[in-house]
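# Residue-level structure breakdown
The primary structure of each chain is shown beneath.
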Amino acid sequence: MAKTVYSFYKLLMNIILNTKTFQITVCIFILSLICLPLASQITVVNGTVKDSLSGEPISFVTVRFENSTSGSLTDDKGKFRIGNNQDKNTVVVSQMGYRTKKVTVPIKQTTNIVIELSPEGVGLNEVVIRPKKEKYSKKNNPAVELIKKVIANKNNYTITNQDYYKSEEYDRILFAFNEFNKDKAPFKNFEYLADYTSYSKIDNKLILPFSVRETSSDVYYRKSSNDTRRVFKGYNIEGLDQTINTESIDDVIKGVFKDISITDNDIEILLRDFVSPLSSSNAVDFYRWYIIDTVTIEQNRYINLGFVPFNTRDVGFIGNLYIAADSTYALKRYAMRIPSKANINFIDEMYIWQDFEQKAPNLWVPKEGITAIEASLYGTIKMYVEKNKAYQKFTFNQPLNSIFHNPSPEIYLKDYKKQDDEFWQAHRPSISEDLHMDNMMQDILSNKLLNIGIKVADIVSSNGYIPTSSDEEKNKVDIGTTMNFYSFNLVEGNRFRLTGATTRNFHKHLFLYGYLAYGTKDRKFKYMSEVTWAFNNRKYHKDEFPRNNLSFSYKYDVNALGQRFLQAERDNIFMSTSKKRKLTYERMGQIEFIKEYYNNFSFNIFSSIRETKPAGSMVFEVNKGNSILDTIPHLRFSEVGVILRYAQNEKFVQQRRKRRNLPSNGFIYTLGFYSGFKDVFGGQFDYQKLTLSIDKEFWLNKYGKVYMTLLGEKVWGEVPFTMLLSGSSNSSFTIQRGSFDLLESMEFTNDVQFTWHLDYRMGGWLFNRLPLLKQLKLREVFGFKGFIGSLSKRNNPKYNSDLLVFPNDVFSMGDTPYMEVNVGVENIFQFFRINYVRRLNYLDNPNVSKSGIRIGFDLRF
């Protein structure tokens, strides 16, 4: 067991650098140490449904236990698995165009069976799903005509047509270990967990819940401004998450398991975009549509409309819509899942169900919904995630405009995390059950080895910070970080660093941060100290959204020229390299004010004094004529600046001093202006710099995503080469988005520059269609990036002798942009990416690499 703990810890440390969802990794890997499978006797049926005449498997057949809600659809190969613990043993198999068949199986056993369905005659107006040989046509198809009417009317009866509404919502997200077997090591000796098991919503498999999050909130909506306010009245965590840092995990859960609106064109879940079956632009062309039958639900008749992607390897759903058989074409219910062939990591099964109820002739409101997911790592560590949502206590057209005076879309009542049992008994609907998590955790924590595993998970979920107190409400200082404790570069040699940061428990507005580092080669101490006053109340640390912070900092450290857009800190262990870099020693004092707004606009105003000295082989020299060079000991800059930023629909994971963006369909605009002053606080240069960047992710439906970054920059005034523009160089072996892999540090210098980065991730669209590759579930990646610029004579030491002489490996550009391409494969072992990178031009520059390999770790569903 000790070796297992160490192996998981080592793997997680390697993944953290470039992953947006590493907290999910914690749940899948680390938390798996704390489970005990307990077997229970349930009735399970594994089988295949075939056509009795052709012998071919029949896809998307309904298979269920009679008089039970336990059921499923067969997959692309006609296979299914269902189970129940209610002593039901009659399996009903039904499909339009075939005679319904009932099969009896043994109770409380696992049965493997092949079921053959006999075809039957159908009317001319009925659409029949046939295996393989089916000739599907959209023309004169009554199912297609029906879905067109449903889509045309999808917004006529929804709740957002009301001028105002208020509702009470309850959310519960449950994490559990799936398909337990008490006879498998290492869980044999933990019999005390027998009382804590439950059953999954997918097919009643036995599960062991280890974490439950539940939320009670009031939601207010105003149509005139299309505004929503959510007031959190209660929030409760039970289970394993009570013992680890959950702040970042909460952010990931919100992004991964977002609320679903089926009327949207795209459904975002699992950090991916799926084509909605009610998409106004793609539903008819992306899905095949079939009228299955009519059913009675709550004494009313509804049309059962089935749908399947044209290619079940694309990112879509298989399922059923239940449509009102009247002129409203209202949606009463939908149930859908992902095709088994879809290239989605870790997910074995996903089931989504949503029910609506009619409040008025043209008003349908959500009533209850379930999203259930079965996940596994190569079929070994099996997880189950279930999100339940219930809606109740609707009121309409009773304006409460005062709630909208608060600019925050999410409002938290005082002590919302401390509601008592009486509150939860009053606000939990019938979908929630008491899982006795508190008792389970007491039993788990009594085991010393499992306790160590929990502490390791806590460190990882805190982005490498280690609390100095085991009680989160009393912890005042965090020590870190594991990824920066050791690194290496040519100037410092072996570098060791220790970091400390205070929390809200130290002071609710005053936050301190600092680090001390030492290099064994240059034998110099480096350090940073920062004092921040947070005007907003913080939950734990200063950089929580929205920031409204005033900071003072002082730093002395090594700085790498030409490396501007790295996702990792420069002394992250993965950035250690022996590759030649242009390093300087930099001493800087700065005052900064940053303010963020709920509409995703922010501004940052700062002023700094910076002194730069050459390090290693770097020298600062001025040409005095006659080949005489005069050495300059240091450069000094006095600067003020402002940065404006607007990010549409931005969501991110907050990790202490770092944020990781979650996928978003919005633009991100960043405008920066900087000005340097000569003879002010010792500044030696007058200059101005303007930057404008645009970032955007484009979803191309089934063809993947394109990530685009455009950056324009210009410098006015006379400045040394250290302040000129250059493409950001990546000197490490890891993939760093926004940087150039084969560009030498400050290889080209400009005072006006335009940069582009295009990264196309196909998501397996091509490989899924190649017979030898589709089983590997690999994904294709293509990239094209470059920059072009020019250098004016006033900033070229060939024409201006007052400037620093360029190092021998620094050049001005020609008329041709610098360009790189990359071709890569990601999803190797479900988390590994490898890129082949190729430099396209300027190949005659000295000491450049024409091609190379870069690797990355990025967990994506």
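Predicted model only: the values in this text are computed from it and were never measured.

Taken as a whole and judged by the stated rule, the model has 39 salt bridges. Note that Lys367 and Glu298 form a salt bridge whose closest N and O atoms lie 3.7 Å from each other. Of the two residues, Lys367 is situated in strand β19 (residues 363-377) and Glu298 in the loop between β14 (287-297) and β15 (300-309); the sequence distance between them amounts to 69 residues. For Lys367, a relative accessible area of 31% gives the class partly exposed.

It is worth spelling out the confidence of the model for the protein at this point. In this model, the protein carries an average pLDDT of 83, and 85% of its residues clear a pLDDT of 70 or more. Counting interchain partners and residues more than four positions distant, the pLDDT-below-50 stretch residues 1-40 has 129 contacts. Throughout residues 121-133 the model reports pLDDT below 50, and contacts reaching past four residues in sequence, or to other chains, amount to 29 contacts.

A few words now on the packing of aromatic side chains. Within the structure shown, the criterion is met by 41 aromatic pairs. With centroids separated by 4.7 Å and ring planes inclined at 5 degrees, the aromatic side chains of Phe232 and Tyr412 adopt a geometry described as stacked. One end of the pair, Phe232, is in strand β11 (residues 227-239); the other, Tyr412, is in strand β21 (residues 410-412), with 180 residues separating them in the sequence. Residue classification places Phe232 among the buried residues on the basis of a relative accessible area of 10%. Centroid distance Phe423 to Trp424: 5.1 Å. Interplanar angle 85 degrees. Geometry classified as edge-to-face. For the residue pair Phe423 and Trp424, the accessibility class agrees, reading buried in each case. Here the aromatic residues Phe535, Phe593, Tyr597, Phe601 and Phe603 are joined through ring pairs into a cluster of three or more. For the cation-ring pair, Lys689 lies above Tyr674, with the distance from its terminal atom to the ring centre recorded as 5.0 Å.

In this structure, Trp289, Phe317, Leu321 and Met350 are the most contacted members of the largest nonpolar core, which totals 87 residues. One finds Leu561, Phe685, Tyr687 and Val719 within the second-largest nonpolar core, a separate group that totals 19 residues.

Before going further, it helps to spend a moment on the side chain of Ser675. One can find Ser675 in strand β36 (residues 668-676). The contact partners of Ser675, leaving out residues within four places of it in the chain, are Ser638, Glu639, Val640, Tyr687 and Gln688.

Right, let's talk about the sheet that holds strand β6 (residues 101-104) for a bit. To summarise the sheet geometry, strands pair through backbone hydrogen bonds and adopt either a parallel or an antiparallel arrangement. Strand order in this open sheet of four strands is β3-β2-β5-β6, and the pairing throughout is antiparallel. Each of the sheet's edge strands pairs with one partner strand only, and the pair in question is β3 (71-73) and β6. Mean inter-strand twist for the sheet, computed between neighbouring axes without regard to direction, equals 20 degrees. Of the strand pairs in this sheet, strand β5 (residues 90-94) and β6 are connected by four bridges, and their pairing is antiparallel. Paired with Val92 across the two strands is Lys102, which belongs to β6.

Conventions used here
Residues numbered from 1 in each chain as written. Predicted model: local features only at pLDDT ≥ 70, side-chain atom pairs only at ≥ 80, totals over all residues. Heavy atoms only, no water. Salt bridge = Lys/Arg side-chain N within 4 Å of Asp/Glu carboxyl O. Helix = DSSP H or I, 4+ residues; strand = E, 2+ residues; numbered from the N terminus. Buried < 20%, exposed > 50% of the residue type's maximum accessible area, 1.4 Å probe, protein only. pLDDT = per-residue confidence, 0-100. Contact = heavy atoms within 4.5 Å. Phe/Tyr/Trp six-rings, centres within 6.5 Å; stacked < 30°, edge-to-face > 60°. Lys NZ or Arg CZ within 6 Å of the ring centre and 35° of its normal. Core = buried A, V, L, I, M, F, W, Y, C linked by side-chain atoms within 4.5 Å. Pairing = 2+ DSSP bridges. Axes fitted to C-alpha atoms, helices over the stretch in contact; angles between N-to-C directions.

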